[in-house]
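Listed below, chain by chain, are the residues.
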Amino acid sequence: MKRNSNIVPLSRDHHFGLLCSWKIRQGLSKNIDPKRISVYLDYFWNTHLKTHFKEEEEVLFIKREDAPTMKALDEHRQIEHLVNRITDDPRETLLMEFSELLQEHIRFEERVLFPHFETILTEPELAEVGKQLDLIHQPQTDGYKDEFWR
């Protein structure tokens, strides 16, 4: 099934989440120090995943209290909690747990949650989601190309 164009930016983000999960597994398989992998995870969490969760929750999940949405919200909290645990104690087992949980969560959203929203939301509601996501993802026009300077 083709993804509704208004939700595509969130699906595109999921690609990077799956890549993060893969990189963590690759690092562990190559015996990279878990502390080093946790630095990457911290970067990915703070620059991508936390923002992605916020976008989903504030734009797509807003005012929805059905079972699939509540499951996704619960998984967001589980992932955040696991990131905090890894920050405090970067163990291989926790990193693998994070990698698996993130991958399972993304698969759930792509295979169950997003099709659910495409069914229950009207075209005007989906268009509003798309409009809000476009505003969020709009390139900055203030002349700065690097978020570092913001």
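Not measured: the values here are computed from a predicted model.

## Some remarks on helix α1 (residues 8-29)
- Taking 1.5 Å per residue as the helical rise, α1 with its 22 residues ought to reach 32 Å, and the 32 Å between its terminal C-alpha atoms agrees with that figure.
- Along α1, the positions that sit buried rather than exposed are Pro 9, Leu 10, Ser 11, His 14, Gly 17, Cys 20, Ser 21, Ile 24, Gly 27 and Leu 28.
- Where α1 is buried, its residues touch α2 (34-60), α4 (92-120) and α5 (123-137).
- Asn 31, located one to two residues past α1, shows a positive phi value of around 60 degrees.

## Observations regarding the confidence of the model for the chain
- Mean pLDDT for the chain: 92, with 92% of residues reaching 70 or above.
- Ranking the helices and strands of the chain by mean pLDDT puts helix α3 (residues 67-88) first, with 98, and α5 last, with 92.
- Throughout residues 144-150 the model reports pLDDT below 50, and contacts reaching past four residues in sequence, or to other chains, amount to 4 contacts.

## Considering the environment of Ile 136
- Mapped onto the elements of the fold, Ile 136 is located in helix α5.
- Sequence separation between Ile 136 and Arg 111 is 25 residues; the distance between their C-alpha atoms is 24 Å.
- Ignoring sequence-local partners within four residues, the contact set of Ile 136 consists of Glu 55 and Val 59.

## Side note on the packing of aromatic side chains
- If you walk through the whole model with that rule in mind, you get 3 aromatic pairs.
- Relative to Phe 117, the ring of Phe 61 has its centre 5.9 Å away and its plane inclined at 15 degrees; by these criteria the two rings are stacked. Placement of the pair is Phe 61 in the loop between α2 and α3 and Phe 117 in helix α4, with a sequence separation of 56 residues.
- A relative accessible area of 0% means that Phe 117 is categorised as buried.
- The side chain of Lys 71 reaches across the aromatic face of Phe 108, ending 4.8 Å from its centre.

## Here's the deal with unusual backbone geometry
- The phi dihedral of Asn 31 is positive, around 60 degrees, even though this residue is not glycine.
- If you trace the backbone, Asn 31 turns up in the loop between α1 and α2.

Cut-off values and rules
- Residues numbered from 1 in each chain as written.
- Predicted model: local features only at pLDDT ≥ 70, side-chain atom pairs only at ≥ 80, totals over all residues.
- Heavy atoms only, no water.
- Helix = DSSP H or I, 4+ residues; strand = E, 2+ residues; numbered from the N terminus.
- Expected span 1.5 Å × (residues − 1).
- Buried < 20%, exposed > 50% of the residue type's maximum accessible area, 1.4 Å probe, protein only.
- Contact = heavy atoms within 4.5 Å.
- pLDDT = per-residue confidence, 0-100.
- Phe/Tyr/Trp six-rings, centres within 6.5 Å; stacked < 30°, edge-to-face > 60°.
- Lys NZ or Arg CZ within 6 Å of the ring centre and 35° of its normal.

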